[in-house]
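A look at the structure
The primary structure of each chain is shown beneath.
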Amino acid sequence: MPAVSKGDGMRGLAVFISDIRNCKSKEAEIKRINKELANIRSKFKGDKALDGYSKKKYVCKLLFIFLLGHDIDFGHMEAVNLLSSNKYTEKQIGYLFISVLVNSNSELIRLINNAIKNDLSSRNPTFMCLALHCIANVGSREMAEAFAGEIPRILVAGDTMDSVKQSAALCLLRLYKASPDLVLMGEWTSRVVHLLNDQHMGVVTAAISLITCLSSKNPDEFKTCVSLAVSRLSRIVSSASTDLQDYTYYFVPAPWLSCKLLRLLQCYPPPEDGAVKGRLVECLETILNKAQEPPKSKKVQHSNAKNAILFEAISLIIHYDSEPNLLVRACNQLGQFLQHRETNLRYLALESMCTLASSEFSHEAVKTHIETVINALKTERDVSVRQRAADLLYAMCDRSNAKQIVAEMLSYLETADYSIREEMVLKVAILAEKYAVDYSWYVDTILNLIRIAGDYVSEEVWYRVIQIVINRDDVQGYAAKTVFEALQAPACHENMVKVGGYILGEFGNLIAGDPRSSPLVQFNLLHSKFHLCSVPTRALLLSAYIKFINLFPETKATIQEVLRSDSQIRNSDVELQQRAVEYLKLSSIASTDVLATVLEEMPPFPERESSILAKLKKKKGPGAVSVELEDGKERGELNGGGDRGGDAAIAASNASTPSPSADLLGLRSAAPVSGATPSAGSLLVDVFSEAGPAATSAGVNDDGFLRFVCKNNGVLFENQLLQIGIKSEYRQNLGRMYLFYGNKTSVQFVSFNTTVSYEIKSRILNVQTKTVEPLVEGGAQVQQVINIECLTDFIDAPLLNIKFRYGGALQNISLKLPVTINKFFQPTEMAAADFFQRWKQLSQPQQEAQKIFKASHGMDTEVLKAKLLGLGTALLENVDPNPENYVCAGVIQTKAQQVGCLLRLEPNAQAQMYRLTLRSSKDTVSQRVCDLLAEQF
Amino acid sequence: MQFMLLFSRQGKLRLQKWYVPLSDKERKKISRDLVQTILARKPKMCSFLEWRDLKIVYKRYASLYFCCAVEDQDNELITLEIIHRYVELLDKYFGSVCELDIIFNFEKAYFILDEFLLGGEAQETSKKNVLKAIEQADLLQEVRLHTDP
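Attention here is on the structure that accompanies the text. These figures come from a predicted structure and were not determined experimentally.

**Overview of the overall build of chain A**
Across its full length, chain A carries 43 helices and 17 strands. Per-residue burial over chain A gives 57% buried out of 937 residues. In chain A, 69% of the contacts between residues at least 6 apart in sequence involve partners at least 24 apart. When the accessible area of chain A is evaluated, it comes to approximately 39600 Å², of which 50% is carbon and sulfur surface.

Right under this line is the structure:
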């Protein structure tokens, strides 16, 4: 390049830049700039008309000042004047100023657009390009309005110069991204697609960006691009490195275009045309083969360009997810990169493998690299690479390697960078829950998490461990024992105290038999931590204490003493004081029966998506990390990605707004309705778990229904807005159900309306409901009573439909009411001889229903018994010769008839299986009860 | 690509090109954050990092850092080579480019970039073609043009 072409002699500008560079301080710089601004202002305002050169120089100085980070509020008009200069460099500086400093001054926009219009119609390619660059750089709506019609014409016109076509394509892309509604492709579509065939590689390179963007938005209209892209790609891939002349980059033919072609193909499913597909697979194989060839140059540019294509090809292979052979080859290639000396390649290989791990074809192949990845987590010197390794471990985790991966992640946590600890904690918590075979491992893992990284264990994580312990009776004793031991540590994290307080308050009785963890020992241990804790934790501990009074009457005096002390009953914190006063009063006036009801064990939480998973999704954004996170994508978008957690938190804090009586009331209705003790009222709300209002579906939820086969009370449904509690009682063939609708938000529900429908035409159930008030205030709860009469045996349950408006949006929820045939059981006690006699009487094949199934919960004896009793039958002891088996008897009461029913459940602990046999005088009853009960174990 | 930044080891911004609409305030905040993040990284570290919901690709050439922000589906390695090709273009144009060339001829640096990348996408990847376009423009420099060709 000749030296003359550099600077075009704006000496004044060079001097000014030197001056600025010589400034010793920020103040001096500002002083110099202000002096210059004053000078330029006076020149612009002066009487003497400035010549083009001076105008250009001053506009350029202003631009420089702006780029230094200072505000510029004048000079726009002078820049616009430069646009219509007939000197190229003046025009160019004018456009540059406008591109960098445009504002929405409408008068100015009109003038700018006029100048652009002139240049576009000048037929001078250099001017046209300048004008197009300016439109692309500004990309405002006003410009789209003025030029979106004209540019496609320029793009496809036969006589347009190549360089202008290139600018026009990308200019149009920018306008389309900013104002898609203004760019109408319609008639141009096919001619734009055919730019993929253009002889000029530069035109193809520019046009393909436009085509890719348009294809991703309107795939059908652009689908002809697939075969064109494949043949173009095929020509490049098979060309010798010198064929493409200047489009070959460090011996790699057209790397940018190749990547873009592969990217375009990712907007579509695999080509349907066999020939096209064959050609494409051939290309992909060639690209994979080339990766194994010795490099043609030692330059990093060569390997980068080559590998850029390789990674894009792998992305396409993963996108198709249909060619096992290619997927496994891709995985092997990435496996080689995992140990490459280039950090960049290790990083990208880890990242790319993350997506491979979610394909069924390559999941196993990815797993073979576990040791390398664990090693990367331990030894990589760059935190962003370690982060990728952690992501990959998370993605490749399954039941077979969960214990190893969780252990490695836990040990990494001890030294992990602060920036990624919280995310690591969430991941460990999710994996531990997801792949827990025995829940004692889960409890151990979470408690370890709290021990190792307590500060990073967010509320969601410790809420979740409590939810799970409450829902899984097989782990409660172990959890109590383990937290008790963990609390022995002299310095334990406050989160440990929270979990410990909650679990011992619920299940401390399970370990109270051991004198080393007697009630008083437990209490003293908890209370020794009390004074070191924050207010919310203390509040939680106070609730644990009142639960202790119920669990262990012998601790009553000690605990009352504590509650009565000034530091509690006169505590300056209103919440603590209130709890102390109320609990003290409650413990002294309530009878043991009342106390037992009020402080009953927590009912199970509704099973739903883990709140920590939701939190991780939120943290990582849509589409992150792995499979389950993928399906979070849509939900995230449905939610509008908004901060719904905030809403729920407000609702929750409203719910616990203290008024002396409200708290106790909340306590009384705690078991069936709010499902929370006062301590939990504000804490155990599963803040992130449900999708927001928009995602409330009208689909019927079966899970909730099945949970109520063996119990009558609990939470039937819960989302961000509404909680429905249920309490029911049955006698003979009659039932009464109380539904409690709780508004969890602080906003009222209007047009609240519920209907119970029963679709079967014949009269089987007689269901009567009372209508509820159409207005449910924020934080309030309304009750509805439903009377049910069973006329004859039935299978389908009545449907409950709830409609209301929340903040203008109509919510529609349909649920199955948990009315099942077994609710009308009357237990029948009988001796062994009677049982076997009746069993034999019911020996016709249709009278018997049998199921053999795998245990999906623990096989704990007490739990099984509780469930069988919950079914409504009598549990007969000493009847079955095998003491491991259970037999039950009962009579189902319907208006039409009574159906006697016998049941036998044979657990096989070794195989983790059950055999369930039902015999009754009516085949439909045997079958239905068998079906319902088989879902309970 | 969403934006490209050039800055010195002292953290001084030498060139900024934004391909998405952002307010002046946001631009300043982003530049400040990123310059700080990247200057804090050690030499042998990987050239890519996740930053907000973007991928940052950066490389240091002598005293200058070149940094691009691309979207999730964009290719990191090819972006790295976009940077390199731009450096090559500057080098060829200025003849062994150094930071001072870019400071004193900042407008040229912008013009070259516009010929190479437009709207955040590669417009012309051939080094010859880009330089030819710039050369032609330079030849027009002092030639008077007729408003009506």
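**Notes on the overall build of chain B**
Per the secondary structure count, chain B includes five helices and seven strands. The linear arrangement of helices and strands in chain B, starting from the amino end, is β-β-α-β-β-β-α-α-α-β-β-α. Looking at chain B as a whole, 61% of its 149 residues qualify as buried. Put simply, 47% of the contacts in chain B that link residues at least 6 apart link residues at least 24 apart. Total accessible area on chain B stands at roughly 6400 Å², and carbon and sulfur atoms take up 50% of it.

**Some words on a negative patch on the surface**
A surface patch of like charges, here negative, comprises Asp473(A), Asp474(A), Glu600(A), Glu601(A), Asp860(A) and Glu862(A). Examined against the element boundaries, Asp474(A) turns out to sit in the loop between α25 (459-471) and α26 (476-487).

**Notes on the interface of chain A and chain B**
Facing the 75 residues of chain A at the interface are 66 residues of chain B. Summing both sides of the interface, chain A and chain B together bury roughly 6200 Å²; the carbon and sulfur share of this comes to 55%. For the pair chain A and chain B, the interface holds three salt bridges. Salt-bridge contacts for Lys260(A) lead to Glu121(B); the nearest nitrogen and oxygen are separated by 3.4 Å.

**Topic: helix α27 (residues 494-507) of chain A**
For α27(A), spanning 14 residues, the distance from its first C-alpha to its last is 20 Å, which sits close to the expected 20 Å at 1.5 Å a residue. With 13 of 14 residues buried, α27(A) lies mostly within the body of the structure.

**So, unusual backbone geometry**
Only a minority of non-glycine residues have a phi that is not negative, and only a minority of peptide bonds are not trans. Phi at Gln732(A) takes a positive value of approximately 50°, unusual for a residue other than glycine. In this structure, Ala62(B) takes a positive phi of about 50° despite not being glycine. Within the secondary structure, Ala62(B) sits in the loop between β4 (54-61) and β5 (64-70).

**Re the pattern of salt bridges**
Evaluated as defined, the whole model comprises 44 salt bridges over all chains. For Asp119(A), the salt bridge is made with Lys91(A), and the minimal N-O distance between the two is 2.9 Å. Note that Asp119(A) is positioned in helix α6 (residues 106-120) and Lys91(A) in helix α5 (residues 88-101), a separation of 28 residues in sequence. Accessibility expressed as a relative area gives 4% for Lys91(A), which makes it buried. Of the charged contacts, one joins Asp382(A) and Arg41(B) as a salt bridge, the two residues approaching to 2.9 Å between their closest N and O atoms. Taken together, the positions of Asp382(A) in the loop between α20 (370-379) and α21 (383-396) and Arg41(B) in the loop between α1 (24-39) and β3 (48-51) put the pair across two chains.

**Some remarks on the sheet that holds strand β9 (residues 781-790) of chain A**
All names here are of chain A. The sheet built from five strands is open, its strands ordered β4-β5-β6-β9-β8 with antiparallel pairing. The sheet terminates laterally at β4 (714-718) and β8 (765-769), the two strands that pair on one side only. Strand-to-strand twist in this sheet, taken as the mean axis angle between neighbours without regard to direction, amounts to 25°. Pairing analysis gives four bridges linking β4 to strand β5 (residues 722-731), with the strands arranged antiparallel. What sits directly across from Glu-718, in β5, is Gln-723.

**Considerations on the pairing of β5(B)**
Residue and element names in this part refer to chain B. Across the seven residues of β5, seven count as buried, placing the element largely inside the fold. Neither face of β5 is exposed, since Leu-64, Phe-66, Cys-68 and Val-70 on one face and Tyr-65, Cys-67 and Ala-69 on the opposite face are all buried. Relative to β5, strand β1 (residues 3-8) runs antiparallel, the two sharing six bridges. Residue pairing across strands places Phe-3 opposite Ala-69, the latter belonging to β5. By the bridge criterion, seven bridges tie β4 to β5 in an arrangement that is antiparallel. Bridge pairing in β5 places Lys-59 opposite Phe-66.

**Quick look at the environment of Ala866(A)**
Looking at the secondary structure, you find Ala866(A) in helix α42 (residues 861-871). Along the sequence, Ala866(A) and Lys711(A) sit 155 residues apart, while their C-alpha atoms lie 9.5 Å from each other.

**Quick word on the packing of aromatic side chains**
Residue and element names in this part refer to chain A. Inspection of the entire model under this criterion finds 31 aromatic pairs over all chains. Ring-pair connections join several aromatic residues into one group, and the members of that group are Tyr-741, Phe-749, Phe-752, Phe-804 and Tyr-806. When the ring centre of Tyr-394 is taken as reference, the NZ or CZ atom of Lys-427 above it lies at 5.4 Å.

**Quick notes on the sheet that holds β3(B)**
Residue and element names in this part refer to chain B. Taking strand neighbours across the sheet as the criterion, the five strands line up as β2-β1-β5-β4-β3 in an open arrangement whose pairing is antiparallel. Pairing within the sheet leaves two strands with one partner each, and these edge strands are β2 (13-18) and β3. Each strand axis lies, on average, 20° off the axis of its neighbour in the sheet, ignoring direction. Where β3 and β4 come together, four bridges link them in antiparallel fashion. Paired with Phe-48 across the two strands is Val-57, which belongs to β4.

**As for the side chain of Thr189(A)**
Residue and element names in this part refer to chain A. Relative to the elements of secondary structure, Thr-189 occurs in helix α11 (residues 189-193). Take Thr-189: its relative accessible area is 8%, and that puts it in the buried class. Excluding its chain neighbours within four sequence positions, the residues that come into contact with Thr-189 are Glu-221 and Phe-222.

Definitions and cut-offs
- Residues numbered from 1 in each chain as written.
- Chains lettered and ligands numbered in written order.
- Predicted model: local features only at pLDDT ≥ 70, side-chain atom pairs only at ≥ 80, totals over all residues.
- Heavy atoms only, no water.
- Helix = DSSP H or I, 4+ residues; strand = E, 2+ residues; numbered from the N terminus.
- Buried < 20%, exposed > 50% of the residue type's maximum accessible area, 1.4 Å probe, protein only.
- Contact = heavy atoms within 4.5 Å.
- Areas by Shrake-Rupley, 256 points an atom, 1.4 Å probe, with all protein chains shown as cover.
- Patch = residues over 30% accessible without salt bridge, like charges linked within 9 Å, V, L, I, M, F, W, Y side chains within 5 Å.
- Salt bridge = Lys/Arg side-chain N within 4 Å of Asp/Glu carboxyl O.
- Lys, Arg positive; Asp, Glu negative; His and termini not counted.
- Charge placed at Lys NZ, Arg CZ, Asp CG, Glu CD.
- Buried area = accessible area lost by both parts, 1.4 Å probe.
- Expected span 1.5 Å × (residues − 1).
- Pairing = 2+ DSSP bridges.
- Axes fitted to C-alpha atoms, helices over the stretch in contact; angles between N-to-C directions.
- Phe/Tyr/Trp six-rings, centres within 6.5 Å; stacked < 30°, edge-to-face > 60°.
- Lys NZ or Arg CZ within 6 Å of the ring centre and 35° of its normal.

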